[in-house]
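# Commentary on secondary and tertiary structure
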Amino acid sequence: MSFRSVDFDTERAAVRTFVDRFERGDRHAAVESLIESVPDPRSILTPLFGVEYDGWYALVADDIAGSCLDLSPGWGRTTPLLASLADTVYAAQPTPIGHRFLAARPALEDTDVVPIAPERLESVLRNRSFETVVATGSRSPDDAFFERIDRLADALEPGGTLVTQVDGWLRTAGLTERLGAAGGPTTGDRSLSAIGRSVPARFVAEMKARGFDEVDLIGLLPGGRRYRWAVPADDPDALEWVLETIGTETAGSQLLRSGVSLANKVGLLRRPYPSYVAVCRTAPTANADAPSDATARVLRRGANRSLVFELVDGDLETVRKVPNAPGHGWFNDRAATTLSSLSIGEGPLAGTVPDVDLAASPFGSVLVESPAHGTPLATVAAGWKTPPDPDEFCRVLETGLDWIRTVQRTHAGSRRTLSTEDARRELTPTGFDVTPPSLSGPIEYPAVPAHGDYHPGNVLVDDDGSIARVIDWEYGRLECDPVADPGFYTLKLAEIAFDGFESGLRTAFLAETLYSTRVAEQLVRYCDAIGIRPRTFAAYLGSALVSQAELHVEAESPWRFHANPRENVERLALLYDNATAIRTRLENGRPSAADASRVGTDDPEHRRRRVPVDGPDRR
């Protein structure tokens, strides 16, 4: 019995050292050593901890129950999620090192999970049966695939369910590989027989011939080289909604989507997806809690939560943000608490903050909200040439700064005074090796609520350029320094506009450019409006990076073992290394009276900025 797992052949010694240290409990040190010793640590860490790619389980949660055999790759990445759905999970990995790592995962502590050693798997399959079998890791439906399916079908209890993945004909035939999309080449052969059985109708017939009464397919659409969307494969209207909604990550993905859309419209080989999740039931089931027949559920993966879009007659009605790992419901609770504290009413911010509710689920709290329409400012900025027109850049910067400034002035709390030691402690992410620079004196600022991930991708604008909605509040805080949000927004806008974080920092803050002069002017006016000194803004410019790294640790998220928070800390270190230059830039950035009149004022009322908008509407 073979199935795909983590490929570490090229870095075998480094991975063994990593597992040894992780198993001993030195988990963060294990990750640090791996990052330092391999050229591409993400290729190892993402299969182990990249829970965003497990988001599609939200669409099949009702089919996972009872005793569950987990044969998914990733050395137990998915096992904690399955443990929140099934009574008992029997988890197997094909190698001793994978088995050791699975058993060492902290998320499996206090769960009913039984690790199965590789040499015991065949015996387990012969001697017991399961209500659910999960065997993911997509491959072509060749003879080896169906031999495996036959073995797993024998291990199912009467009425049991198999959840597996299979390549569609687009991938089995090699088309996605040529287009640079959807995970590269298929695993398995590309024979005409395999390609034929990759056509959905033929695949379903093959599975029904093996004793499965119902076979539901969920199509996976790519975003770059991995799936981004999960769509009910038998619903062409849902597919068209997705294709109209999404942008393009690569030229290959654009061609692939164009081909999928055309095939869908003309009925050519129905359900033309690169790969599928197949839910195969040995008995028909009816779930009274499932959406009505008129409702289609479409999923888009996210880092901490998957977005489930509920479509009624092809129109978006509700958005549900479902945790993609145990403990990630904490992010939804955090967002709901922060949003409930913002009394928007009928003021200048009316309609720009989502109204949300919380719902219970086996995964944790689900955030429910109405659809958000508009174009992300990140999409506007991504359409600029490099370097962008300075006036366009400054208009988008001012749009974002105006909105968050209005929030802060409306909800500002008491002022805080921090000693240099306390301020430096606040700017040091717990558990990471980065030290903020020395400060010249105490820091004073008003406590304000924070979005925590305020960047141009989370700011949606209408066609007239006014802010329609600010989304994704999972990093929100009720009390924070007033620099976290405007600082992060400015850094991310510069990163988009100047093709990278370092080049953005250099162009917008460090080098003598028209952009850095005007950025400094806008940020100094921001400081004046909020009541802080430019040196405070400079010191706290990376505050959001600190809190994001710490929140993954606080939530006990699998991401705390990934490269992402460490990359944030590397960016934070770059800011700290250049703290003196950034401070000097801002302290010299106070505009003249004529300049202030030209660019804007400190009027506290929210001004609806006109930002030219091109590109598709984003939901």
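The text that follows walks through the structure, step by step, so that each part is easy to find. Note that the structure is predicted; figures quoted are calculated from it, not measured.

Rules behind the numbers
- Residues numbered from 1 in each chain as written.
- Predicted model: local features only at pLDDT ≥ 70, side-chain atom pairs only at ≥ 80, totals over all residues.
- Heavy atoms only, no water.
- Helix = DSSP H or I, 4+ residues; strand = E, 2+ residues; numbered from the N terminus.
- Buried < 20%, exposed > 50% of the residue type's maximum accessible area, 1.4 Å probe, protein only.
- Contact = heavy atoms within 4.5 Å.
- Areas by Shrake-Rupley, 256 points an atom, 1.4 Å probe, with all protein chains shown as cover.
- Core = buried A, V, L, I, M, F, W, Y, C linked by side-chain atoms within 4.5 Å.
- Expected span 1.5 Å × (residues − 1).
- Polar contact = N/O pair within 3.5 Å; in protein donor to acceptor, adjacent residues only side chain to side chain.
- Salt bridge = Lys/Arg side-chain N within 4 Å of Asp/Glu carboxyl O.
- Pairing = 2+ DSSP bridges.

Looking only at helices and strands, the chain features 25 helices and 20 strands. Taking all 619 residues of the chain together, 58% fall into the buried category. Intrachain contacts of the chain at a sequence separation of at least 6 include 73% that bridge at least 24 residues. Accessible area for the chain stands at about 24,400 Å²; split by element, carbon and sulfur atoms hold 46% of it.

Before going further, it helps to spend a moment on the nonpolar core. Counting residues in each nonpolar core, the largest one holds 71 residues, and the members touching the most others are F393, W403, F509, F537 and Y540. Looking at this core element by element, the count peaks at eight residues for helix 16 (residues 390-411). Contact partners of F509, with chain neighbours within four places excluded, come to T490, L491, G504, S516, V519, L523, L541, I582 and R585. Judged by nonpolar contacts, the second largest core, of 46 residues, contains F130, F146, C280 and L307.

Our focus in this paragraph is the side chain of S72. With respect to the helices, strands and loops of the structure, S72 is situated in the loop between strand 1 (67-70) and helix 4 (79-83). A residue is classified by how much of its surface remains accessible, and S72, at 1% relative accessible area, is buried.

Our next topic: the environment of P565. Mapped onto the fold, P565 is located in helix 23 (residues 563-577). Looking at P565, the relative accessible area reads 3%, which means it is buried. A sequence separation of 15 residues divides P565 from E550, and the C-alpha atoms of the two residues are 8.4 Å apart. Other than its neighbours up to four places away in sequence, P565 contacts F432, A549, W559 and R560.

Helix length check: helix 16 (22 residues) gives 32 Å between terminal C-alpha atoms against 32 Å at 1.5 Å per residue, within 8%. Along helix 16, 17 of the 22 residues are buried, which leaves the element largely enclosed by surrounding structure. Taking the backbone nitrogen of D391 as reference, a side-chain oxygen 3.0 Å away marks D389 as the first, capping residue of helix 16.

All right, on to the pattern of salt bridges then. Pairing between side chains of opposite charge can happen when the charged atoms of each approach one another. Per the stated rule, a full pass over the model turns up 33 salt bridges. For E52, the salt bridge goes to R301, with nearest N and O atoms at 2.7 Å. Note that E52 is positioned in the loop between helix 3 (42-49) and strand 1 and R301 in the loop between strand 9 (295-300) and strand 10 (305-312), a separation of 249 residues in sequence. According to the relative accessible area criterion, R301 is buried, its value standing at 10%. For the salt bridge of E474 with R305, the shortest nitrogen-to-oxygen distance reads 2.7 Å. A residue pair is termed long-range when its members are at least 10 positions apart, and E474 in the loop between strand 19 (467-470) and strand 20 (477-480) and R305 in strand 10 qualify at 169 residues.

In a beta sheet, neighbouring strands are held together by backbone hydrogen bonds and run either parallel or antiparallel to one another. Strand order in this open sheet of three strands is 14-18-19, and the pairing throughout is antiparallel. Bordering the open sheet on either side are strand 14 (375-376) and strand 19, each of which pairs with just one other strand. Note: strand 18 (residues 459-461) against strand 19, three bridges, orientation antiparallel. In the strand pairing of strand 19, V461 is matched with I467.

Next up on the list: the pairing of strand 13 (residues 366-369). The alternating pattern of strand 13 places V366 and V368 on one face and L367 and E369 on the opposite face, and all of these are buried. Direction of pairing for strand 11 (residues 315-323) relative to strand 13: antiparallel, over a ladder of three bridges. If you follow V319 over to strand 13, its bridge partner there is E369. As paired elements, strand 12 (residues 356-359) and strand 13 share four bridges and run antiparallel to each other. Within the sheet, the bridge partner assigned to L358 lies in strand 13 and is L367. Taking the residues between adjacent antiparallel strands as the criterion, strand 12 and strand 13 are bridged by six residues, where G364 takes a positive phi near 120 degrees.

In this section: unusual backbone geometry. Going from T386 to P387, the amide bond is cis rather than trans, its omega being -5 degrees. Here the phi dihedral of D472 falls at roughly 60 degrees; this positive angle occurs in a residue that is not glycine. Of note, D472 is situated in the loop between strand 19 and strand 20.

On their own, these measurements won't tell you what the molecule is for.
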